[in-house]
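# Report on the structure
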Amino acid sequence: MSTQASLTVAQSLAVPNPDPHVADEPLPAELAELAQLSARRGRLAAALTTIMMIGYFGFILLVAFAKPTAGTLLAGDRVSVGIVAGACVIVLAPILTAIYVRWANQHYDAAVRRLRGGKA
Amino acid sequence: MSTILSTFAAGTGADAAKPSSTLGQPNVTAIGFFLLFVSITLAITYWAARRTRSTREYFAAGGQLSSLQNGFALAGDYMSAASFLGIAGLVSMSGFDGLIYSVGWLVGWPVITFLIAEPLRNLGKFTFADVLAYRLRQRPVRIAAASGTLTVVIFYLIAQMVGAGGLIHLMFGLSYKIAVLIVGGVMLLYVLFGGMIATTWVQIIKAVLLLMGATLLAGLVLSRFGWNPLELFAAARDRYGSAVLAPGKLVSSPLEAISLGIALMFGTAGLPHILMRFYTVPDAATARRSVALATSIIGAFYLVTFILGFGASVLVGRETINSVAAGGNMAAPLLAEALGGTGFLGFISAVAFATILAVVAGLTLSGSAALSHDLWNHVVCKGQSPEHEQLRIAKIATVVLAMLAIGLGILFEGQNVAFMVGLAFAIAASANFPALLLSMAWKNFTTRGAVASMVTGTVSALVLILLSPTVWVDLLHNSSAVVPLKNPGIITVPLSFIVGIVVSLLALEQSARDYAAAHRRMHLGPVGEAHIAKH
């Protein structure tokens, strides 16, 4: 990472600042952008975690409370609702992960780079 | 979980195979593949030992792994013999019910991706206690977090060692004690000399072998059914009735099922040996990509084990599987023998052996980090222990943990230790996960809140499992359980969140400013440190 980048953030990060002439607090604009970025990441993370939990606990509840439904046969009696639902939850996990990684690679990393001072 | 794990452990007590299978007789291919695996991994360990001079290399492979390497290593660290042989066995014996575990063992991974991996990488150095210690008081939180880590590691190690001894006895015909000694001894060589670099490569190789073996086996199964899983399910239905495709006896009580689900989902995100792996990559972005890769690998693997289970029930038959080992643990190896002959059986057996080695190595290393980095350096020496001393303590800790694993493995021979994996997940979910999440997400979290949450999580999980049907009735032979739940997650996880929050609110700590710094670093990474390191 560049010295420039390190300096900009080091100023705001370092807890006891060794240089009294350098401002100890980050710039307000920078703080606002960080807060915004953090909120966006938090919202997406919470939404995706919630979807995963609904999918998984939905599957568990289906198996626990609605055994006949889960045992209903489909596709020429060759598969059950429960098997399809379980496979869907397994496939859901990497799909949700991919959505997050795509967002983070495209937007989050760029914002982090900006906040760190353009490079790094 | 108890069912699959009890079948996993119960099966290991059974004796030599039926004449129809060569399983359990010394198998030249199996021994050949195993020796090849051990020779290659020991050669890697020798190479890794020359690159392991600092604690950062010992605990975090120098932080220089790629997302591809760490993705496979995470998968190799996580996919245990219990999930490979156990799920395939459970599906072969009871059909649909095995899928409940396939799903449960995967769903914690997205939680790691969304909530844990990146902040953990940015805030810590070697252990998850680093994250708590970043803005809370070092010593109390490190003592509590290290206790949680060591409890999880020891219970998980016992379950792995006892399972390993039994499985290797079944597959290779070696005596139980010899098998435990070999697993403990080889693991010790990896971790003691090669640290995280050797452990990583053992896990990568194991993950590749396991995926190859399982995929090849599933391919052989599907080739018999026109490459259509539906035809396989139909064949199972024709042979065992349509109940095989429907939920059976495993989920008896909805409360129990949800409780198990909570422990699996949040326990995965609190396993110290998994969390530790995020320090082996250079930055948060790499951590994110590696956990995404691991999620895909593990998801694909669990789908494949499902095919293996149904394949074994149709192509080998439940009677044969059950006659070799009660509970169905040998379903996958028997399927390999039926479809690919003794050679393939040997390969799969060696892969199962490698699987156990990779998991116990990861566990031991994370225990060693808790002892050396958290307890010795930060608690005893207040962060002043010199580098070479930390490394020496880490190696002593590794030897002690390996001895403990071997000793406990031998001590618990023939015991049903199935509940110990459940216990490890329950403690990880209730002691580690809530404190970790709150410390990253909640500004007003305090040192007292963290310690109270971790202690509550550990103690409540231990006590409730002790009083549960699994231990109180099955192991201690009391007539009825004090607590009817087999898995305490539904009580202990919310409880330790509540305790952490309430105790924090009771006495506020002056940590607002520290949170601002932690919050920055959580997103931007250790920029300041890199800057300082240049000078």
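What you see is a predicted model, and the numbers here were worked out from it, not measured in a lab.

Calculation rules
Residues numbered from 1 in each chain as written. Chains lettered and ligands numbered in written order. Predicted model: local features only at pLDDT ≥ 70, side-chain atom pairs only at ≥ 80, totals over all residues. Heavy atoms only, no water. Helix = DSSP H or I, 4+ residues; strand = E, 2+ residues; numbered from the N terminus. Buried < 20%, exposed > 50% of the residue type's maximum accessible area, 1.4 Å probe, protein only. Contact = heavy atoms within 4.5 Å. Areas by Shrake-Rupley, 256 points an atom, 1.4 Å probe, with all protein chains shown as cover. Buried area = accessible area lost by both parts, 1.4 Å probe. Salt bridge = Lys/Arg side-chain N within 4 Å of Asp/Glu carboxyl O. Polar contact = N/O pair within 3.5 Å; in protein donor to acceptor, adjacent residues only side chain to side chain. Lys, Arg positive; Asp, Glu negative; His and termini not counted. Core = buried A, V, L, I, M, F, W, Y, C linked by side-chain atoms within 4.5 Å. pLDDT = per-residue confidence, 0-100. Expected span 1.5 Å × (residues − 1). Bend = angle between axes of the 7 residues up to and from the residue. Axes fitted to C-alpha atoms, helices over the stretch in contact; angles between N-to-C directions. Parallel < 35°, antiparallel > 145°, perpendicular 65-115°, else oblique. Left-handed = near helix turned anticlockwise from the far one by under 90°. Phe/Tyr/Trp six-rings, centres within 6.5 Å; stacked < 30°, edge-to-face > 60°. Lys NZ or Arg CZ within 6 Å of the ring centre and 35° of its normal.

## Quick notes on the overall build of chain A
Looking only at helices and strands, one finds 4 helices and 2 strands in chain A. Helices (α) and strands (β) of chain A occur, in sequence order from the N terminus, as α-α-α-β-β-α. Residue burial in chain A is summarised as follows: out of 120 residues, 39% are buried. Sequence-distant contacts in chain A: of pairs separated by 6 or more residues, those separated by 24 or more amount to 56%. Summed over its atoms, the accessible surface of chain A is roughly 6000 Å², and 67% of this surface lies on carbon and sulfur atoms.

## Focus on the interface of chain A and chain B
The parts lose accessible area when they come together, and the size of an interface is often stated as this lost area. On the side of chain B, 61 residues touch chain A, which itself brings 63 residues to the contact. A combined buried area of about 5100 Å² lies between chain A and chain B, and 72% of that area is made up of carbon and sulfur atoms. For the pair chain A and chain B, the number of links is 4 salt bridges. Taken together, the links from chain A to chain B amount to 12 residue pairs in polar contact (both at pLDDT 80 or more). Considering each element in turn, the side of chain A that touches chain B owes the most residues, 19 residues, to helix α4 (residues 81–115) of chain A.

## Brief notes about the environment of B:Lys249
Along the chain, the position of B:Lys249 falls in the loop between α11 (229–240) and α12 (254–268). Here B:Lys249 falls in the exposed class, since its relative accessible area comes to 78%.

## Some words on the side chain of A:Arg116
Here A:Arg116 lies in the segment after α4. Buried within the structure, A:Arg116 lacks any salt-bridge partner; B:Asp283 is the closest side chain of opposite charge, at an N-O distance of 7.3 Å. A distance of 2.4 Å separates a polar side-chain atom of A:Arg116 from the backbone oxygen of B:Leu524.

## Some remarks on the pattern of salt bridges
Enumeration over the complete set of coordinates arrives at 11 salt bridges over all chains. Salt-bridge contacts for A:Arg114 lead to A:Glu33; the nearest nitrogen and oxygen are separated by 3.0 Å. With A:Arg114 in helix α4 and A:Glu33 in helix α2 (residues 28–65), this residue pair connects regions lying 81 residues apart in the sequence. A:Arg114 sits in the exposed class, given a relative accessible area of 52%. The class for A:Glu33 is partly exposed, based on a relative accessible area of 26%. In this structure, B:Glu118 and A:Arg41 form a salt bridge, with 3.4 Å as the shortest nitrogen-oxygen distance. With one member in each of two chains, B:Glu118 in helix α7 (residues 108–123) and A:Arg41 in helix α2 form a pair that bridges those chains. Relative accessible area serves as the criterion here: at 1%, B:Glu118 is assigned to the buried category. On the basis of relative accessible area, A:Arg41 is assigned to the buried category, the value being 8%. A single network of salt bridges, built from pairs that share partners, joins A:Arg41, A:Asp109, B:Glu118, B:Arg288 and B:Arg289.

## As for the nonpolar core
Ranked by size, the top nonpolar core spans 211 residues in total, and within it B:Ile116 and B:Phe310 carry the most contacts. For this core, the element with the most residues is helix α16 (residues 331–380) of chain B, which contributes 23 residues. Residues in contact with B:Phe310, not counting those within four places in the same chain, are A:Ile83, B:Val91, B:Gly95, B:Phe96, B:Leu232, B:Phe233, B:Ala236, B:Val244 and B:Leu245.

## Focus on the confidence of the model for chain B
Of all residues in chain B, 93% attain a pLDDT of 70 or more, and the chain-wide mean is 86. Under a pLDDT of 50 for its full length, residues 1–19 of chain B has, in the predicted model, 58 contacts with residues more than four places off or in other chains.

## With respect to helix α10 (residues 176–223) of chain B
Between the first and last C-alpha of α10(B) there are merely 37 Å, a value that for 48 residues lags more than 12% behind the 70 Å anticipated at 1.5 Å per step. Along α10(B), the largest kink reaches about 130° and is centred on B:Gly194.

## Looking at the packing of α7(B) against helix α14 (residues 284–315) of chain B
Residue and element names in this part refer to chain B. Orientation of α7 relative to α14, taken along the N-to-C sense of each, is 155°, at an axis distance of 9 Å. Classified by the angle their axes make, α7 and α14 are roughly antiparallel. Judged by the sense of rotation from one axis to the other, the crossing of α7 with α14 is right-handed. Of the residues in α14, those touching α7 at Trp 109, Pro 110, Ile 112, Thr 113, Ala 117, Glu 118, Arg 121 and Asn 122 are Ala 284, Ala 287, Arg 288, Val 291, Ala 294, Thr 295 and Ile 298.

## Topic: the confidence of the model for chain A
All names here are of chain A. Looking at chain A as a whole, its pLDDT mean stands at 77, while 75% of the residues score no less than 70. Ranking the helices and strands of chain A by mean pLDDT puts α4 first, with 91, and helix α1 (residues 3–13) last, with 43. Considering only residues more than four positions removed or in separate chains, one finds that residues 1–24, a stretch of pLDDT under 50, has 52 contacts.

## What to know about helix α6 (residues 97–104) of chain B
α6(B) sits mainly inside the fold: 8 of its 8 residues count as buried. Where α6(B) is concerned, the buried positions are B:Asp97, B:Gly98, B:Leu99, B:Ile100, B:Tyr101, B:Ser102, B:Val103 and B:Gly104.

## Digging into the packing of α7(B) against α12(B)
Residues and elements named next belong to chain B. It is at 7 Å that the axes of α7 and α12 come closest, and there the two elements cross at 40°. When the axes of α7 and α12 are compared, the pair comes out oblique. With respect to the hand of their crossing, α7 and α12 are arranged in right-handed fashion. In contact with Gly 108, Trp 109, Val 111 and Ile 112 of α7, α12 contributes Leu 264, Met 265, Phe 266 and Thr 268.

## Describing the packing of aromatic side chains
This model, assessed by the stated rule, comprises 21 aromatic pairs over all chains. Ring centres 5.7 Å apart and planes at 35° place the aromatic pair A:Trp103 and A:Tyr108 in the tilted group. Owing to a relative accessible area of 3%, A:Tyr108 belongs among the buried residues under this scheme. The interplanar angle of 25° and the centroid separation of 5.0 Å between the aromatic rings of B:Phe266 and B:Phe433 together place this pair among those described as stacked. Within this pair, whereas B:Phe266 is found in helix α12, its partner B:Phe433 is found in helix α18 (residues 418–441), the two being separated by 167 residues in sequence. Assessed through its relative accessible area of 11%, B:Phe266 is described here as buried. When its relative accessible area of 2% is taken as the criterion, B:Phe433 is described as buried. Pairwise contacts between aromatic rings join A:Tyr100, A:Trp103, A:Tyr108 and B:Phe114 into one cluster. Across from the ring centre of A:Tyr108, 5.9 Å away, lies the NZ or CZ of A:Arg41, which sits over that ring. Seen from the ring of B:Tyr240, B:Arg318 lies directly overhead, with NZ or CZ sitting 4.1 Å from the centre.

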